Amino acid sequence: MFWVLLLLLAWAAAGISCTRLCLAAVRAATVDTREAHGHDLTLYEAAFLSGGPARVADLTLVSMARQRRLLLAHTGWATVVDPRGRDDMERSVLGAIGPEGQSRIAPVRAATAAADSVHRLADRLVAAGLAVPDGARSTVAGAVRQVQAASAAVLALAVAALLLPARTSGSGVPVAVWFALPLVLTLSCLAIARIEVHPYTRWASPAGQRLLGTLARHSDASGDDRTYLTSVAVRGVRAIGEPDVRAALAHRDRGAGHSG
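Bear in mind that the values here come from a model prediction, so they are computed numbers and not experimental data. Along each chain, numbering runs from 1 in the same order as the chain's sequence is written. Local features in this predicted model are restricted to residues of pLDDT 70 or higher, and side-chain atom pairs are both shown and tallied only at a pLDDT of 80 or more, whereas totals for entire chains, interfaces and linings draw on every residue. Hydrogens and water molecules were not included; the side-chain quantities draw on all heavy atoms of the structure.

1. Re the packing of aromatic side chains
Only Phe, Tyr and Trp rings take part, Trp by its six-membered ring, and two of them pair if their centres are within 6.5 Å. Stacked means planes under 30 degrees apart, edge-to-face means over 60, and tilted covers everything else. According to the stated counting rule, one finds one aromatic pair in the structure shown. Over the aromatic face of Y228 sits the side chain of R66, whose NZ or CZ is 3.9 Å from the ring centroid. The rule for a charge over a ring is simple: NZ of Lys or CZ of Arg within 6 Å of the ring centre, and within 35 degrees of the ring normal.

2. A closer look at helix α5 (residues 116-127)
Helix and strand definitions follow DSSP, with helices as H or I runs of at least four residues and strands as E runs of at least two, each counted in order from the N terminus. Here the expected span of a helix is defined as 1.5 Å times the quantity of residues minus one. For α5, with 12 residues, the first-to-last C-alpha span of 16 Å sits near the 16 Å given by 1.5 Å per residue. Buried, partly exposed and exposed residues are distinguished by accessible area as a fraction of the type maximum, computed with a 1.4 Å probe on protein chains only: under 20%, between the cut-offs, and over 50%, respectively. Buried residues of α5: S117, V118, L121, A122 and L125, and no others. When α5 is viewed along its axis, its buried side chains cluster within an angular range of 140° and face the same direction. Structural note: α5 exposes D116 and D123 on the side pointing more than 90 degrees away from its buried face. The inward-facing, buried residues of α5 contact α2 (43-66), α3 (88-97) and α4 (105-113). Positive phi appears at G129, one or two residues downstream of α5, with a value of about 80°. Regarding the arc, it is the one traced by the directions from the helix axis to the C-beta atoms. Note on definitions: a residue-residue contact is assigned when non-hydrogen atoms from the two residues lie within 4.5 Å.

3. Quick look at the environment of V108
You can see V108 is positioned in helix α4. A relative accessible area of 1% places V108 in the buried class. With 31 residues separating them in the primary sequence, V108 and W77 have C-alpha atoms 9.6 Å apart. Apart from residues lying up to four places away in sequence, V108 is in contact with L61, V93, A96, I97 and S103.

4. Details of the pattern of salt bridges
We define a salt bridge as a contact between a side-chain nitrogen of Lys or Arg and a carboxyl oxygen of Asp or Glu at a distance within 4 Å. Counted according to the given criterion, the structure contains seven salt bridges. Salt bridges sharing partners connect three or more residues here, namely R66, D225 and E242.

Read these as layout, nothing more, since geometry by itself doesn't imply function.
Structure representation (structure tokens):
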């Protein structure tokens, strides 16, 4: 009856991991949204909620390039044309490029994404209930990984139990059926997390996602410069219309190993 001990271990792994995932999802879903009503997103806020600090850096680079104050070469280099930053984000980009006025795009993007101005933007969005705190994102992601590990552990324990002699339980129910129950539990939690928990692992809270949905609908229509930049903020590099700018950032992506 050694298989019963293995079954108890399987249930313990499944129960603990699924409970942790449920608690993490509940905490992520309780982001305070009292200040979110009537909030009009800026382009930087929309970029952060859509893609995090890296998207804010991309938007700033594209905005400056569109205004001909920054040249983005298809080879992956950024060159300063106008050294005067109009806001904190632009000053972060210029500071990352340095006094020589030219730099590779990858380190500029990384430095801008890590700048204090982006951290302050994130803090404001979290305080407004529009962004998910870092702790909530990492907690949910870690809980999902634990459930995945528990599923693998249940399978391994089931295989070990089936390899033991006298594998039939006292009630005549095959041992595999007993192990199928905790496996179904973990797989069900993962399926539910895919549908319900996944939105909370992104940058935007549910309230933030609703505002982003409104922006996305408005950015569908072609028009002025703000509409264009809104599309870049919401959709990322793939929404860039200029071939040279898109090639410059795509070159950055290949070199840095990231996608925009």
